[in-house]
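What the coordinates show
Residue strings, one per chain:
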Amino acid sequence: MREKEIETALVRAVKARGGLAIKFVSPGLNGVPDRLILMPGGCIAFIELKAPGRKMRPIQLKRAGQIEALGFRVFCIDSKDQIGGVIDDIQSS
């Protein structure tokens, strides 16, 4: 399975629950997560998507740490099976 397939499944699942999965691009700042997830009720999180078994690179881990230090949540998804649980977790915050 490819990362793009997982990303497509995530976007569809977020949309089905009434949220937005915005492609997050930040020119000049490497390592930012792939998607910004906005859910009803003001729930927000950042998602890094990976192919199955792949891990975040050091710069991505650094950016995730910076984002988390500001009080936001960052998730790394490398399987379609993780999507529902991650969305549940985002919505419960």
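Structure shown above.
1. Focus: the overall build of the chain
Of regular secondary structure, the chain possesses three helices and four strands. Ordered by position from the N terminus, the helices and strands of the chain form the series α-β-β-β-α-β-α. The C-alpha atoms of the chain give a radius of gyration of 12 Å, which matches the 12 Å a tight globule of 93 residues would have. Seen through its C-alpha atoms, the chain measures out along the principal axes to roughly 30 × 30 × 20 Å. Here the chain holds 93 residues, and 37% of them are scored as buried. Within the chain, contacts between residues at least 6 apart in sequence are counted, and of these 53% link residues at least 24 apart. Split by element, the accessible area of the chain, about 5400 Å² in all, is 55% carbon and sulfur.

2. Quick word on the sheet that holds strand E3 (residues 43-49)
Note on sheets: strands pair through backbone hydrogen bonds, and any given pair is parallel or antiparallel. Spatial strand order, E1-E2-E3-E4: four strands in an open sheet with mixed pairing. Either end of the sheet is taken by a strand with one partner, and the two such strands are strand E1 (20-23) and strand E4 (73-77). When strand polarity is set aside, the average angle formed by the axes of neighbouring strands in this sheet is 30°. Pairing between E3 and E4: five bridges, direction parallel. Counted as the bridge partner of Leu 49 is Ile 77 from E4. On top of the sheet, helix H3 (residues 83-91) reaches strand E2 (35-39), E3 and E4; it is set at about 175° to E4, its chief contact.

3. Thoughts on the environment of Gln 82
Locating Gln 82 in the fold gives a position in the loop between E4 and H3. Distance from Gln 82 to Gly 18, taken between C-alpha atoms, is 18 Å for residues 64 residues apart in sequence. Residue contacts for Gln 82: discarding those within four places in its chain leaves Cys 76 and Ile 77.

Cut-off values and rules
- Residues numbered from 1 in each chain as written.
- Predicted model: local features only at pLDDT ≥ 70, side-chain atom pairs only at ≥ 80, totals over all residues.
- Heavy atoms only, no water.
- Helix = DSSP H or I, 4+ residues; strand = E, 2+ residues; numbered from the N terminus.
- Rg over C-alpha atoms; globule rule 2.2 N^0.38 Å.
- Buried < 20%, exposed > 50% of the residue type's maximum accessible area, 1.4 Å probe, protein only.
- Contact = heavy atoms within 4.5 Å.
- Areas by Shrake-Rupley, 256 points an atom, 1.4 Å probe, with all protein chains shown as cover.
- Pairing = 2+ DSSP bridges.
- Axes fitted to C-alpha atoms, helices over the stretch in contact; angles between N-to-C directions.

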